Amino acid sequence: MRTIRWLKFLRAAVLVVIASGFLSNAQQPPEKKPLIETPSMRLAAAKNVFITRTHGSRIPLDVIKSTLEGWGRFTFVETPEKADLIIEISSTGDSAVQVSSSSKVSSETGHEEKSSSTRKDISPTDIKMTVFDSRNKRPLWAATESVRFAVKEKGKENNLVDAAERLASKFHERLEPPAK
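Described below are features of the structure shown in this document. Quick caveat: nothing in here was measured; it's all calculated off a predicted structure.

On to the sheet that holds strand S2 (residues 75–76). A sheet is described by the order of its strands in space; here five strands give the open sequence S2-S1-S3-S6-S7, paired in mixed fashion. Each edge of the sheet is formed by a strand with only one pairing partner; in this case those strands are S2 and strand S7 (139–147). Where strand S1 (residues 48–55) meets S2, two bridges bridge the pair, whose relative direction is parallel. Directly across from Asn 48, in S2, lies its bridge partner Thr 75.

Here it is in C-alpha coordinates:
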(Lines give C-alpha, C1' and ligand atoms only; values in the text may rest on other atoms or scores of the structure.)
Protein backbone atom coordinates (compact mmCIF):
# COMPACT_ATOMS: atom_id res chain seq x y z
CA MET A 1 0.00 0.00 0.00
CA ARG A 2 2.77 2.28 0.86
CA THR A 3 4.43 1.59 -2.50
CA ILE A 4 1.25 2.39 -4.38
CA ARG A 5 0.98 5.75 -2.59
CA TRP A 6 4.63 6.39 -3.27
CA LEU A 7 4.18 5.62 -7.00
CA LYS A 8 1.09 7.88 -7.19
CA PHE A 9 3.02 10.67 -5.50
CA LEU A 10 5.96 10.19 -7.86
CA ARG A 11 3.69 10.27 -10.94
CA ALA A 12 1.97 13.42 -9.68
CA ALA A 13 5.33 15.08 -9.07
CA VAL A 14 6.55 14.18 -12.57
CA LEU A 15 3.32 15.53 -14.10
CA VAL A 16 3.69 18.80 -12.17
CA VAL A 17 7.30 19.21 -13.38
CA ILE A 18 6.33 18.49 -16.99
CA ALA A 19 3.31 20.82 -16.86
CA SER A 20 5.35 23.64 -15.34
CA GLY A 21 7.91 23.25 -18.14
CA PHE A 22 5.20 23.62 -20.79
CA LEU A 23 3.69 26.62 -19.04
CA SER A 24 7.02 28.40 -18.67
CA ASN A 25 7.77 27.87 -22.37
CA ALA A 26 4.32 29.12 -23.31
CA GLN A 27 4.75 32.31 -21.25
CA GLN A 28 8.14 33.26 -22.73
CA PRO A 29 7.93 35.18 -25.98
CA PRO A 30 9.71 33.51 -28.86
CA GLU A 31 13.21 34.78 -29.47
CA LYS A 32 13.31 37.35 -32.24
CA LYS A 33 15.83 36.67 -34.94
CA PRO A 34 17.79 39.73 -36.07
CA LEU A 35 16.31 41.28 -39.18
CA ILE A 36 18.62 40.98 -42.15
CA GLU A 37 18.30 44.15 -44.18
CA THR A 38 18.81 43.63 -47.89
CA PRO A 39 20.10 46.40 -50.18
CA SER A 40 16.58 46.72 -51.61
CA MET A 41 15.11 47.17 -48.14
CA ARG A 42 17.73 49.78 -47.25
CA LEU A 43 17.15 51.71 -50.49
CA ALA A 44 13.39 51.62 -49.97
CA ALA A 45 13.64 52.88 -46.37
CA ALA A 46 16.04 55.74 -47.09
CA LYS A 47 14.79 59.31 -46.75
CA ASN A 48 17.90 61.52 -46.44
CA VAL A 49 20.54 61.67 -49.15
CA PHE A 50 23.99 63.22 -49.44
CA ILE A 51 25.18 63.60 -53.04
CA THR A 52 28.76 64.34 -54.06
CA ARG A 53 31.00 64.48 -57.13
CA THR A 54 34.18 62.46 -56.83
CA HIS A 55 35.74 63.13 -60.25
CA GLY A 56 35.09 64.82 -63.56
CA SER A 57 32.53 67.28 -64.84
CA ARG A 58 30.01 68.97 -62.56
CA ILE A 59 27.22 68.66 -65.16
CA PRO A 60 26.23 65.05 -64.28
CA LEU A 61 26.05 65.91 -60.56
CA ASP A 62 23.80 68.91 -61.21
CA VAL A 63 21.51 66.97 -63.57
CA ILE A 64 21.16 63.92 -61.30
CA LYS A 65 20.59 66.05 -58.21
CA SER A 66 17.89 68.16 -59.88
CA THR A 67 16.22 65.02 -61.27
CA LEU A 68 16.14 63.39 -57.83
CA GLU A 69 14.86 66.62 -56.27
CA GLY A 70 12.05 66.70 -58.82
CA TRP A 71 11.17 63.15 -57.88
CA GLY A 72 10.43 64.36 -54.33
CA ARG A 73 11.29 61.08 -52.63
CA PHE A 74 14.45 62.23 -50.83
CA THR A 75 15.53 65.08 -48.60
CA PHE A 76 19.02 66.31 -49.43
CA VAL A 77 21.37 66.89 -46.48
CA GLU A 78 24.67 68.76 -46.30
CA THR A 79 26.79 66.12 -44.52
CA PRO A 80 27.15 62.35 -44.95
CA GLU A 81 26.58 61.84 -41.20
CA LYS A 82 22.97 63.05 -41.53
CA ALA A 83 22.25 60.90 -44.58
CA ASP A 84 20.75 57.45 -45.02
CA LEU A 85 22.36 57.13 -48.44
CA ILE A 86 25.51 58.60 -49.99
CA ILE A 87 25.40 59.05 -53.75
CA GLU A 88 28.73 59.48 -55.54
CA ILE A 89 28.84 60.77 -59.11
CA SER A 90 31.98 60.59 -61.23
CA SER A 91 32.77 61.03 -64.88
CA THR A 92 35.85 59.81 -66.69
CA GLY A 93 37.49 60.46 -70.02
CA ASP A 94 36.62 64.15 -70.10
CA SER A 95 38.13 65.52 -73.26
CA ALA A 96 40.84 68.03 -72.60
CA VAL A 97 43.14 70.18 -74.70
CA GLN A 98 46.85 70.05 -73.95
CA VAL A 99 49.10 72.79 -75.26
CA SER A 100 52.87 72.51 -75.20
CA SER A 101 55.49 74.90 -76.42
CA SER A 102 59.25 74.74 -76.72
CA SER A 103 62.09 76.86 -77.97
CA LYS A 104 65.61 76.13 -79.14
CA VAL A 105 68.47 78.01 -80.71
CA SER A 106 69.03 77.20 -84.36
CA SER A 107 72.53 75.99 -85.15
CA GLU A 108 72.28 77.50 -88.64
CA THR A 109 71.03 80.99 -87.88
CA GLY A 110 71.82 81.39 -84.19
CA HIS A 111 68.30 82.69 -83.55
CA GLU A 112 65.78 81.27 -81.10
CA GLU A 113 63.07 79.18 -82.78
CA LYS A 114 59.78 78.62 -80.98
CA SER A 115 57.39 75.79 -81.65
CA SER A 116 54.07 74.81 -80.11
CA SER A 117 51.70 71.93 -80.43
CA THR A 118 48.19 71.16 -79.24
CA ARG A 119 46.55 67.86 -78.58
CA LYS A 120 42.91 67.11 -77.81
CA ASP A 121 42.07 64.01 -75.84
CA ILE A 122 38.84 62.59 -77.26
CA SER A 123 38.59 59.44 -75.19
CA PRO A 124 35.07 58.25 -74.42
CA THR A 125 33.32 59.62 -71.36
CA ASP A 126 31.46 57.49 -68.83
CA ILE A 127 29.31 58.66 -65.93
CA LYS A 128 29.17 56.41 -62.88
CA MET A 129 26.65 56.66 -60.06
CA THR A 130 27.23 54.64 -56.89
CA VAL A 131 24.81 54.59 -53.95
CA PHE A 132 26.27 53.65 -50.55
CA ASP A 133 24.66 52.86 -47.21
CA SER A 134 25.85 55.68 -44.96
CA ARG A 135 25.98 53.44 -41.88
CA ASN A 136 28.44 50.85 -43.14
CA LYS A 137 29.60 52.31 -46.50
CA ARG A 138 28.43 49.21 -48.40
CA PRO A 139 27.48 49.82 -52.02
CA LEU A 140 23.75 49.28 -52.51
CA TRP A 141 23.45 50.16 -56.20
CA ALA A 142 25.76 51.23 -59.00
CA ALA A 143 25.42 51.94 -62.71
CA THR A 144 27.47 53.45 -65.51
CA GLU A 145 26.23 55.30 -68.55
CA SER A 146 28.32 56.09 -71.63
CA VAL A 147 28.21 59.58 -73.07
CA ARG A 148 27.83 59.88 -76.82
CA PHE A 149 30.76 61.48 -78.61
CA ALA A 150 30.50 65.10 -79.76
CA VAL A 151 33.05 67.38 -81.38
CA LYS A 152 31.61 70.72 -80.29
CA GLU A 153 31.55 71.71 -76.62
CA LYS A 154 27.79 72.44 -76.64
CA GLY A 155 27.08 69.00 -78.12
CA LYS A 156 29.28 67.39 -75.48
CA GLU A 157 27.42 69.18 -72.69
CA ASN A 158 24.06 68.11 -74.14
CA ASN A 159 25.26 64.51 -74.33
CA LEU A 160 26.47 64.67 -70.70
CA VAL A 161 23.01 65.88 -69.67
CA ASP A 162 21.31 63.07 -71.63
CA ALA A 163 23.55 60.39 -70.10
CA ALA A 164 23.04 61.76 -66.56
CA GLU A 165 19.26 61.77 -67.09
CA ARG A 166 19.39 58.13 -68.25
CA LEU A 167 21.38 57.24 -65.13
CA ALA A 168 18.90 58.98 -62.81
CA SER A 169 16.07 57.20 -64.62
CA LYS A 170 17.74 53.81 -64.04
CA PHE A 171 17.97 54.59 -60.32
CA HIS A 172 14.33 55.68 -60.22
CA GLU A 173 13.26 52.45 -61.94
CA ARG A 174 15.33 50.44 -59.44
CA LEU A 175 13.49 51.96 -56.50
CA GLU A 176 10.06 52.20 -58.10
CA PRO A 177 9.78 49.67 -60.93
CA PRO A 178 7.23 50.63 -63.58
CA ALA A 179 3.88 48.83 -63.40
CA LYS A 180 3.68 45.83 -65.70
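Right, let's get into the pattern of salt bridges. Throughout the structure, instances matching the rule amount to seven salt bridges. Residue Glu 37 is joined to Arg 135 by a salt bridge in which the shortest nitrogen-to-oxygen separation is 2.5 Å. Of this pair, Glu 37 sits in the loop between helix H1 (2–27) and helix H2 (39–45) while Arg 135 sits in the loop between strand S6 (125–133) and S7, placing them 98 residues apart in sequence. Note that Arg 135 is salt-bridged to Asp 133, the shortest N-O span being 3.7 Å. Each of Glu 37, Arg 42, Asp 133 and Arg 135 takes part in one network of salt bridges that share partners.

For the structure shown, the criterion picks out four aromatic pairs. Summarising the aromatic geometry, the rings of Trp 71 and Phe 74 are spaced 5.6 Å apart at their centres and angled 85° between planes, so their arrangement reads as edge-to-face. Note on Trp 71: relative accessible area 17%, which makes it buried. Phe 74 sits in the buried class, given a relative accessible area of 7%. Between Trp 141 and Phe 171, the aromatic rings sit 5.1 Å apart at their centres with planes inclined by 50°, giving tilted as the arrangement. Of the two residues, Trp 141 is situated in strand S7 and Phe 171 in helix H4 (residues 153–175); the sequence distance between them amounts to 30 residues. Side by side, Trp 141 and Phe 171 carry an identical accessibility label, which is buried. By way of ring pairs, the aromatic residues Trp 71, Phe 74, Trp 141 and Phe 171 are connected into one cluster.

Ile 64, Met 129 and Phe 171 are the most contacted members of the largest nonpolar core, which totals 28 residues. Of the residues forming this core, the biggest block, seven residues, is contributed by H4. Non-local contacts of Ile 64, meaning those with residues more than four positions away in its chain, are made with Ile 51, Ile 89, Met 129, Ala 164, Leu 167 and Ala 168. Formed by five residues, the second largest nonpolar core is a distinct cluster that contains Phe 50, Ala 83, Ile 86 and Phe 132.

Take H4 next. Across its 23 residues, H4 extends 33 Å between first and last C-alpha, which sits within 8% of the 33 Å expected from 1.5 Å per residue. All of the buried residues along H4 are Lys 156, Asn 159, Leu 160, Ala 163, Ala 164, Leu 167, Ala 168, Phe 171 and Leu 175. If you follow the buried residues of H4, they end up packed against H2, helix H3 (59–71), S6 and S7.

Reading the values: the criteria
- Residues numbered from 1 in each chain as written.
- Predicted model: local features only at pLDDT ≥ 70, side-chain atom pairs only at ≥ 80, totals over all residues.
- Heavy atoms only, no water.
- Pairing = 2+ DSSP bridges.
- Helix = DSSP H or I, 4+ residues; strand = E, 2+ residues; numbered from the N terminus.
- Salt bridge = Lys/Arg side-chain N within 4 Å of Asp/Glu carboxyl O.
- Phe/Tyr/Trp six-rings, centres within 6.5 Å; stacked < 30°, edge-to-face > 60°.
- Buried < 20%, exposed > 50% of the residue type's maximum accessible area, 1.4 Å probe, protein only.
- Core = buried A, V, L, I, M, F, W, Y, C linked by side-chain atoms within 4.5 Å.
- Contact = heavy atoms within 4.5 Å.
- Expected span 1.5 Å × (residues − 1).

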